[in-house]
Amino acid sequence: MPKEYVDEYEPLLVRGVKDKRRLKLPNKSLLLAVFAACVGGTFQYGYNISIINAPTMYVQNFINQTWMQRYQTNISQGELTLLWSTIVSMFTLGGLIGASVGGTLSVKLGRRGTLLANNAFSLTAALLMGLSSTVGSFELLVIGRLLSGMNAGIALCVQPLYLGEIAPTALRGAMGTGTSVFITGGILTGQVMGLKEILGKEEYWPILLSTTCIPAFLQLLILPWFPESPRYLLIDKGDEEGCKKALRQLHGLADSGDALEDIEKEKNNLVGFQAKKPWELFSDRSLRWQLLTIILLNIAQQLNGINAIYFYADYVFRQSGIPMDKIPYATVGTGACECITALTCGMLIECLGRKVLIMGGYALMSICCVFFTLTLTFQNYSPVFPYLSMACVFAFILSFGLGPGGVTNILTTELFTQNARPAAFMIAGSVNWLSFFLISMVFPFIVIGLQQYCFLVFLAVCSLVVTYIFFVVPETKNKTFVEIQNEFQSLKRNRFCSSDGAGTILLSTSI
């Protein structure tokens, strides 16, 4: 065929391939693999965030009784607060530890192997927290929360890796939202389990905290029936036969050939490259913008106000004028709200793209911050304003679930190739957990200092992120990992070209 015809029709051919990708639906095996990875992974993260809120008073009473039995005196309010804060914050410390080792474990044990081994932390934590009341030791709660955090940190690092690597290119975004869907599902489940009608009574709190073993058992029963990540098998282990077998099971016989071709292209681009360490990413100039992007997005995911609402939900609803006896149900409503929007994000992400959703989410959150501040300021002027404040809280959560909650982890997967991806998740996870700890420590002081204007801080964060994404982050929908990497290199060359015309000639000549 003459070259001019190839040049003329090549864009149509490429577009036809992408249209073909979009029409493909996941088979049952792929969906079950996603469920198996998520139920014992990020579901646990969401569950353990919310489940600790319901038994707060009961656990504090247990600490006081245990202290009395040991020392024949009541514990001081300051010491009680310190012990309770330690129990709660151990989850964050464990998460940071888990995130810092998750990437390394995913290279040594594989993605699936790490997820399976990670359940040891969850099961041990459930046992310790369940026995804490029986043996009269609040120290077991501290250790149990630390182990639960380690489980969550590893899961948040490795599970998105696994989902991104087993999914077809056209469904990578939809499959990747499984992370956020199961986080929000875990939050909602923990809130429901903590209601008085279920396990929210005082005598049931040890059982409530030990139910974290249930999703761990589910994963141990289901996930072994599904294969290791095909990309890990071929690129990291050189197991071509194992990769083909995994692709046939996950994608079906008809689509496994195209997926294998994509993986082989990525492998050929990485010939001679070893898996990178986290500190090596900072010195790699070709990954500068990708690394900066995931760091900023993970900081923003925690500093945008969403975790402040969950950690201090009672305070926010009291400020909004909601009666005390209705607060637990309002909190369940926030969990259901975010869960629904996470599912909606999964359905929209392959249509609208990552960039539109995450920018739109942060833009809507910025607007909610403004209205929330106004309704809190004027809540004493009319009985309507407290309910408007509550509506702003729900709108904020909807906006978060629609964009930032679902897209951030997907971008961390998509912006890096196989040799850099585990290290990128270690950096992203560590930044995420450090930011999580920071906001849980600083938010009460922000509230005390700024009162109803506290959400203006989050307005600034959300607005800055929208600006950064608009100018820096490319759309990654329907693109292979290699294509995304090349697009970042093109963006970098374009910036260099715009700043130095002479450099353009030298750069294009060297290529």
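Residues numbered from 1 in each chain as written. Predicted model: local features only at pLDDT ≥ 70, side-chain atom pairs only at ≥ 80, totals over all residues. Heavy atoms only, no water.

Trainee: Before we move on, could you go through the overall build of the chain and cite the residues and values that matter?
Mentor: The helix and strand tally for the chain stands at 26 helices and zero strands. Looking at the 511 residues of the chain, the share that counts as buried comes to 54%. Contacts spanning at least 24 positions in sequence make up 82% of the contacts within the chain whose residues lie at least 6 apart. By element, 67% of the accessible surface of the chain is carried by carbon and sulfur atoms, the whole surface being about 22200 Å². (Helix = DSSP H or I, 4+ residues; strand = E, 2+ residues; numbered from the N terminus. Buried < 20%, exposed > 50% of the residue type's maximum accessible area, 1.4 Å probe, protein only. Contact = heavy atoms within 4.5 Å. Areas by Shrake-Rupley, 256 points an atom, 1.4 Å probe, with all protein chains shown as cover.)

Trainee: Which residues make up the pattern of salt bridges, and what are the values?
Mentor: On inspection of all chains with the given rule, the structure shows twelve salt bridges. Close ionic contact of R231 with E266 constitutes a salt bridge, the shortest N to O distance being 2.4 Å. One end of the pair, R231, is in helix 12 (residues 230–236); the other, E266, is in helix 14 (residues 253–269), and 35 residues separate them in sequence. Overall, the relative accessible area of 7% leaves R231 in the buried class. K244 is paired through a salt bridge with E240; the nearest N and O atoms lie 3.4 Å apart. Of this pair, K244 and E240 both sit in helix 13 (residues 240–251), four residues apart, which is roughly one turn of the helix. The partly exposed category is assigned to K244, whose relative accessible area is 27%. The exposure class of E240 is partly exposed, given its relative accessible area of 36%. Three or more residues are tied together by salt bridges with common partners; here these are R111, E165, R231, E266 and R421. (Salt bridge = Lys/Arg side-chain N within 4 Å of Asp/Glu carboxyl O.)

Trainee: An account of the packing of helix 19 (residues 327–352) against helix 21 (residues 385–402) is needed here, citing residue identities and associated values.
Mentor: The contact between helix 19 and helix 21 brings their axes to 7 Å, and the two run at 30°. Here helix 19 lies roughly parallel to helix 21, going by the angle between them. With respect to the hand of their crossing, helix 19 and helix 21 are arranged in right-handed fashion. Across from A330, G333, T334, C337, E338, T341, A342, T344, C345 and L348 in helix 19, the residues of helix 21 making contact are V393, F394, I397, L398, F400, G401 and L402. Within the contact of helix 19 with helix 21, the residues separate by chemical class into eleven nonpolar, five polar and one charged. (Axes fitted to C-alpha atoms, helices over the stretch in contact; angles between N-to-C directions. Parallel < 35°, antiparallel > 145°, perpendicular 65-115°, else oblique. Left-handed = near helix turned anticlockwise from the far one by under 90°. Nonpolar A, V, L, I, M, F, W, Y, C, P; charged D, E, K, R; others polar.)

Trainee: Help me get a handle on the packing of aromatic side chains, residues and values and all.
Mentor: This structure, assessed with the given rule, holds 14 aromatic pairs. Arranged with centres 6.0 Å apart and planes meeting at 15°, the rings of F43 and Y47 form a pair that is stacked. Taken together, the positions of F43 and Y47, both in helix 3 (residues 42–51) and four residues apart, correspond to about one turn of that helix. A relative accessible area of 15% means that F43 is categorised as buried. Each ring, one from F396 and one from F455, has its centre 6.3 Å from the other, and the planes form 80°; the classification is edge-to-face. Here F396, found in helix 21, pairs with F455, found in helix 24 (residues 455–472); they are 59 residues apart in sequence, far enough to count as distant. Across the ring face of F481, the terminal group of R172 is positioned such that the distance to the ring centre comes to 4.4 Å. The ring of F481 has R421 lying over it, and the distance from NZ or CZ to the ring centre is 4.0 Å. (Phe/Tyr/Trp six-rings, centres within 6.5 Å; stacked < 30°, edge-to-face > 60°. Lys NZ or Arg CZ within 6 Å of the ring centre and 35° of its normal.)

Trainee: Before we move on, could you go through the packing of helix 9 (residues 178–193) against helix 19 and cite the residues and values that matter?
Mentor: It is at 8 Å that the axes of helix 9 and helix 19 come closest, and there the two elements cross at 160°. Comparing the axis directions of helix 9 and helix 19 gives the class roughly antiparallel. Judged by the twist between their axes, the crossing of helix 9 over helix 19 is left-handed. Two secondary-structure elements touch here, helix 9 through S180, V181, T184, G185, I187, L188, Q191 and V192 and helix 19 through T331, V332, T334, G335, A336, E338, C339, A342 and L343. Along the lines of polarity and charge, the residues of the contact of helix 9 with helix 19 split into nine nonpolar, seven polar and one charged.

Trainee: Before we move on, could you go through a nonpolar patch on the surface and cite the residues and values that matter?
Mentor: A grouping of L364, I367, V370, F371, L374, F378 and Y381 is seen on the molecular surface, where their side chains present a nonpolar patch of about 690 Å² in accessible area. Along the polypeptide, V370 turns up in helix 20 (residues 354–377). (Patch = residues over 30% accessible without salt bridge, like charges linked within 9 Å, V, L, I, M, F, W, Y side chains within 5 Å.)

Trainee: Lay out the environment of P160 with the relevant residues and their values.
Mentor: Turning to its location among the elements, P160 is positioned in helix 7 (residues 139–166). Distance in space between the C-alpha atoms of P160 and F425 is 8.8 Å, their sequence separation being 265 residues. Not counting chain neighbours up to four residues away, the residues in contact with P160 comprise A155, T179, N409, T413 and F425.

Trainee: I'd like a description of helix 24, backed by residues and values.
Mentor: Taking 1.5 Å of rise per residue, 18 residues should cover 26 Å, and helix 24 covers 26 Å from first to last C-alpha, within 8% of that figure. Along helix 24, the residues classified as buried are F455, F458, V461, C462, V465, V466, Y468, I469 and V472. (Expected span 1.5 Å × (residues − 1).)

Trainee: Requested: an account of the side chain of S366, with residues and values cited.
Mentor: In this structure, S366 sits in helix 20. The residues contacting S366, other than those within four sequence positions of it, are L459, C462 and S463.

Trainee: Pulling in residues and values, what's your account of the nonpolar core?
Mentor: Within the largest apolar cluster, 55 residues are counted, with the highest numbers of intra-cluster contacts made by I63, L141 and Y162. Residues from two domains meet in this core; each of domain 1 (26–226) and domain 2 (278–493) gives at least three. Not counting chain neighbours up to four residues away, the residues in contact with I63 comprise I75, L80, L83, I87 and F138. Counting residues in hydrophobic clusters, the runner-up holds 52 residues, among them I183, V393, I397 and V407. (Core = buried A, V, L, I, M, F, W, Y, C linked by side-chain atoms within 4.5 Å. Domains from an automatic or database assignment.)

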